[in-house]
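So you can see what is in the structure, the chains are spelled out below.
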Amino acid sequence: MIYKYNIENKICTFVCTLFTVIITIVMTNTDSIAQSVTEREQPSTKPTLVPPAIPLITIDPYTSIWSFGAALNNDPTRHWTGRAHQLNGLVRVDGKVFRFMGKPTFTGDTLVQSSLKDTYQARYTTDKPADAWFSPAFDDSQWATGEGPFGSRSADRTRWTSPDIWVRRVVDIASVPEGQLLVSAIYNDNYELFVNGQRVAGVGGVTPKYELTATQKKISDLLKPGRNVLAFHSQNFSGPGYVDLGLITERELSIQPAQQTSQRMTATQSVFKFVAGGIELTATFMAPLLMNNLDVLSRPVQYVTYSVRAMDGKPHTVQLYSDASSEIAVDSPEQPVVWRRGRTEGSGPKLNWMRVGTAEQKVLGRKGDNVRIDWGHLYVAAAANEKTSQRIGSLAGALNQFEREGRVTDLPDAGRPAKALDHATVLSTTFDLGSVTNIAVERHWLVGYDDIKSVEYFGQPLRAWWRRYSKDSDAPEAAIERALQAAETDYAQLRNQCDAFDAKLYADAKQAGGAAYADLCVLAYRQAIAAHKLVARQDGTPLFFSKENFSNGSIGTVDVTYPSAPLFLLYNPSLLKGMMEPIFEYSESERWTKPFAAHDVGTYPIANGQTYGEDMPVEECGNMLILTAAIAAVEGNATYARAHWPVLTTWVNYLKEYGFDPENQLCTDDFAGHLARNANLSVKAIMGIASYGYLAGQLGNRKTETEYLTLARELARKWMVMADKGDHYALTFNQNDGNTWSQKYNLVWDKLLKLDRSGAPIFPPEVAQREVAYYLTKQMPFGLPLDSRRTYTKSDWIIWTATLADRPSQFDTFIEPVLKFVNESPDRIPLSDWHETTDGRHVGFRARSVVGGYFIKMLEKKLK
């Protein structure tokens, strides 16, 4: 049967019971907030948050599904890496079907071959060309000629070892097909592609195998019969450089979309509204990432809720369809999958569940950056009743049956092996709502993922925190069935808690930094948490491992923990300790023998020791000392520091000897390259030394406290002389480098922590005041550049820099361009923390935990 559809669109919403009561409670607590906010110098109009991508399911770095499109039904839902991880949703109104979630697609024919199967010739240069280098009319006759792939590996046909390469390739196309354009590419560390002068993709990360990137652009709008020009630019910041790409068609099933009328985000929820056939559908995705309850935070089950009501005064017969693709449980679509179904046992809620996973099941068998999980199982569950039905099978078969019958029914061979090719295998669920009037009818379903073992930690596979009491001898589904039942039992309570938390977070953020700042905190919250995995160490304590998303895939990176820390200091310092413990244990166990802190403990999810190719000695020592002091400040004691005092002493001694005037080395901004005599890195060293003095005082050692705080102040005064540039302070201590400058974001801890018991800062206040005044003269349309070397920036550091400002109007001036980037960037992807301040394009990185640093202004208020 040929599948023809007209479907409407978008996805899921939560209807919040007891919402009025909750808001009343929250508003009672925020009367003083409202008064305080009116005292801030606010912009005349509140900017509206337009997320570049909206989180849907955010369990951990592997189970992380987003809506990249302008509407929930404009594009397939995707993993943060861009690979399709499809969730589809249909609503059938009086027999007519509309698509509200996802956009069922499949990979079509190759349009332009990469060098994977054949060679091609192109023009290239490693010298920066004129601005119009990507134009079809550009004269590239003076460029060199080479064959793809371009790179520094032995297999690359054309040698490329410089930081940048620009490539132009002419291709002839006989005819232009229907569909949208996909790019198949390998790259390290990024590429930007233009087709006939139009920018169609910009992607960052490390991808040694060919990965597909959706452009969300029609092929017919980009290509033409005959001559076409592909122009791409790639950059390499570290490791082997390489780039190659080709073009592929993306085909879609034709289903009429519902009309999306609104979308909004809160800290824990994403809500979409649609109209179709006389009804309104609200789809809510809820991720109960509440840090005061680690069991719920870690539980790998999240919620999709639908609410439907008639809009035209007439009753309508309504059925709902949802599916989750086996793509979510594989790294690449070619991997064979197996599936099965079951029903929960015991006294808890009765749920019908379906699961799918790879046939091979190599637990913890894959590591890296641009990879997805291919062990464990994806679960879909719903309450068992006669109005809810499920099916495991092909996408086309499920959609066809729903169109005909308004339901799906299972196939007799559910459980056999199958290949997850072209999105063929889905776990589908339908709800028969019957006759719907103006009184809303609700249904919900659960999405979960059981990864069995989550992280390998120095040779020992560790379970997720929620699975910490499981045993290898348990029945395979026992743990996840309990988690599904617990999630169902907690559903109503968690909705209320999420509503209350979301309202309070927004109110607190708005009081601290204004409406634009509050929007940024809302956007960052789920992303920052879901870039981690919470596991149980052998002794039962929590470890909270970050993954460096699209920035090399390291696990437990110290200079990722450092910028993300404000969020966790604000809501649960135990999670920050869980990030720092692996680094402490690495040194204390003598696996790491150098006199400074390690950069990381491996490549996610294998944490067996540092894999990053170069150390960051001053950076990581300073980070660990400052964060240990921050924990003491938040908790009101230095108990955590006492447990690690010997290694903290080793690290502060390193800073005393090497930190003030750093040698040529990398810092957290390693993409900017090595830098000697880095003034901002020197600030970090000074603050690390002061932090040690503060901690000594908290532990009752007044002599050591005085010694290190005095040293820090002396170094601060010396720093002011060596970095002085008159109206600001320089990028480095090299006075012959010209009129350089940089964001001194590390100064923020001097303002927040009050390390001296007298309350006096380490650096005189005029240092930050002079810097802030200078930065205001360097603003660009999309934010403050990182430093004078380039025009790109890091948004987390901008917010730290903004927090140095004493006046709300100055803070707002720094924040509003960051929100402008979020709203207007041409790259509609999960939030990138590294972007161009001139045009708002992302440079690299996405979906990283470092946006937890946005919460530093709220942390300032907590520490006052």
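Worth saying up front: this structure is predicted, and the values here are computed from it rather than measured. (Residues numbered from 1 in each chain as written. Predicted model: local features only at pLDDT ≥ 70, side-chain atom pairs only at ≥ 80, totals over all residues. Heavy atoms only, no water.)

Asker: Quick question: what am I supposed to make of the pattern of salt bridges here?
Answerer: Once their charged atoms are close, side chains differing in charge can pair, the charge on each being opposite to the other. Counted under the stated rule, the structure contains 53 salt bridges. One salt bridge in this structure joins Arg 372 and Asp 331, with 3.4 Å as the shortest N-O distance. Placement of the pair is Arg 372 in the loop between strand E22 (351-358) and strand E23 (377-383) and Asp 331 in the loop between strand E20 (316-325) and strand E21 (336-343), with a sequence separation of 41 residues. Judged by relative accessible area, which is 0%, Arg 372 ranks as buried. Relative accessible area serves as the criterion here: at 0%, Asp 331 is assigned to the buried category. Of the charged contacts in the structure, one is a salt bridge between Glu 405 and Arg 407, with a shortest N-O distance of 3.1 Å. For Arg 407, a relative accessible area of 43% puts it in the partly exposed group. If you follow the salt bridges from partner to partner, you end up with Arg 83, Lys 209, Glu 211, Asp 331, Arg 366, Arg 372 and Asp 374 in one network. (Salt bridge = Lys/Arg side-chain N within 4 Å of Asp/Glu carboxyl O. Helix = DSSP H or I, 4+ residues; strand = E, 2+ residues; numbered from the N terminus. Buried < 20%, exposed > 50% of the residue type's maximum accessible area, 1.4 Å probe, protein only.)

Asker: Whenever I open this one, the environment of Ser 141 confuses me. Can you help?
Answerer: Here Ser 141 shows up in the loop between strand E7 (121-125) and strand E8 (144-147). By relative accessible area, which is 36% here, Ser 141 ends up partly exposed. Spatially, the C-alpha atom of Ser 141 lies 64 Å from that of Ala 479, the residues being 338 residues apart in sequence. One polar contact links Ser 141 to Asp 139, side chain to side chain, over a distance of 2.7 Å. (Polar contact = N/O pair within 3.5 Å; in protein donor to acceptor, adjacent residues only side chain to side chain.)

Asker: I keep staring at the sheet that holds strand E32 (residues 606-607) and nothing clicks. Help me out?
Answerer: Sheets are built from strands paired through backbone hydrogen bonds, the pairs being either parallel or antiparallel. Ordered in space as E29-E28-E32, the three strands form an open sheet in which the pairing is mixed. Each edge of the open sheet carries a strand with a single partner, namely strand E29 (460-462) and E32. Relative to E32, strand E28 (residues 455-457) is paired through two bridges, and the arrangement is parallel. Note that in E32 the partner of Tyr 457 across the bridge is Ala 607. (Pairing = 2+ DSSP bridges.)

Asker: In this structure, what is going on with the packing of aromatic side chains? I would like to understand it.
Answerer: In this description, an aromatic ring pair is defined by two values, namely the gap between the centres and the angle between the planes. As enumerated under the stated definition, the model contains 51 aromatic pairs in all. Residues Tyr 654 and Tyr 658 carry aromatic rings whose centres are separated by 4.7 Å and whose planes lie at 40° to one another, so their mutual orientation is tilted. Note that Tyr 654 and Tyr 658 are positioned in helix H11 (residues 645-658) at a spacing of four residues, about one turn of the helix. Seen in terms of ring centroids, Trp 719 and Phe 763 are 5.5 Å apart; in terms of plane orientation they differ by 90°. Their pairing is edge-to-face. You can see Trp 719 sitting in helix H13 (residues 702-722) and its partner Phe 763 sitting in the loop between helix H14 (748-753) and helix H15 (765-775), a full 44 residues away along the chain. Taken individually, Trp 719 and Phe 763 each receive the classification buried, so the pair is uniform in this respect. Pairwise contacts between aromatic rings join Tyr 457, Phe 458, Phe 545, Tyr 586, Trp 592, Phe 596, Tyr 654 and Tyr 658 into one cluster. (Phe/Tyr/Trp six-rings, centres within 6.5 Å; stacked < 30°, edge-to-face > 60°.)

Asker: When you look at unusual backbone geometry in this model, what are you seeing that I'm missing?
Answerer: Keep in mind that most residues, glycine aside, have a negative phi and that most peptide bonds are trans. Residues Asn 188 and Asp 189 are joined by a peptide bond in cis, for which omega reads 20°. The linkage connecting Tyr 604 with the following residue, Pro 605, adopts the cis geometry, with an omega of 5°. On the secondary structure map, Pro 605 appears in the loop between helix H8 (573-588) and E32. Residue Gln 361 is not a glycine yet carries a positive backbone phi of 55°. With respect to the secondary-structure elements, Gln 361 resides in the loop between E22 and E23. Looking at Gln 361, the relative accessible area reads 22%, which means it is partly exposed. Despite not being glycine, Asn 552 shows a phi value in the positive range, around 115°. Here Asn 552 shows up in the loop between strand E31 (542-546) and helix H7 (558-571). A residue is classified by how much of its surface remains accessible, and Asn 552, at 24% relative accessible area, is partly exposed.

Asker: Is there a simple way to think about the environment of Tyr 586 in this case?
Answerer: Its place among the elements puts Tyr 586 in helix H8. Accessibility expressed as a relative area gives 7% for Tyr 586, which makes it buried. The sequence separation of Tyr 586 and Ala 802 amounts to 216 residues, and the corresponding C-alpha distance is 35 Å.

Asker: I keep staring at the nonpolar core and nothing clicks. Help me out?
Answerer: Soluble globular proteins tend to bury their nonpolar side chains together. In this structure, Trp 719 and Trp 749 are the most contacted members of the largest nonpolar core, which totals 215 residues. The element best represented in this core is helix H5 (residues 478-513), accounting for 12 residues. In contact with Trp 749, other than residues within four places in its own chain, are Tyr 562, Leu 569, Ile 626, Leu 627, Ala 630, Met 687, Lys 754, Trp 800, Ile 856 and Leu 859. In this structure, Ala 53, Leu 181, Val 203 and Val 243 belong to the second largest nonpolar core, which totals 35 residues. (Core = buried A, V, L, I, M, F, W, Y, C linked by side-chain atoms within 4.5 Å. Contact = heavy atoms within 4.5 Å.)

Asker: Looking at this structure, how should I read the sheet that holds strand E24 (residues 388-394)?
Answerer: Pairing is antiparallel in the open sheet, where five strands are placed in the order E5-E4-E20-E26-E24. With one partner strand each, in any of the chains shown, strand E5 (96-101) and E24 form the two edges of the open sheet. Strand-to-strand twist in this sheet, taken as the mean axis angle between neighbours without regard to direction, amounts to 20°. Sheet topology places strand E4 (residues 87-93) next to E5; five bridges connect them, and they run antiparallel. The partner of Leu 90 across the bridge, within E5, is Arg 99. (Axes fitted to C-alpha atoms, helices over the stretch in contact; angles between N-to-C directions.)

Asker: Explain the pairing of E4 to me, please; I cannot follow it from the model alone.
Answerer: In regular strands, side chains alternate between the two faces of the sheet. By the criterion of burial, E4 is predominantly enclosed, with seven of the seven residues buried. The two faces of E4 match: Leu 87, Gly 89, Val 91 and Val 93 on one face and Asn 88, Leu 90 and Arg 92 on the other face are all buried. In textbook terms, the turn of a hairpin is the stretch between consecutive antiparallel strands, and for E4 and E5 this stretch comprises two residues, one of which, Asp 94, has a positive phi near 50°.

Asker: What is the right way to look at the packing of H8 against H11 in this model?
Answerer: When two helices pack together, their arrangement is captured by the angle between the axes and the distance separating the axes. The contact between H8 and H11 brings their axes to 10 Å, and the two run at 85°. Between H8 and H11, the angle falls in the class roughly perpendicular. Mapping the contact onto sequence places Ile 583, Phe 584, Ser 587 and Glu 588 in H8 and Val 647, Leu 648 and Trp 651 in H11. In terms of residue class, the contact of H8 with H11 is made up of five nonpolar, one polar and one charged. (Parallel < 35°, antiparallel > 145°, perpendicular 65-115°, else oblique. Nonpolar A, V, L, I, M, F, W, Y, C, P; charged D, E, K, R; others polar.)

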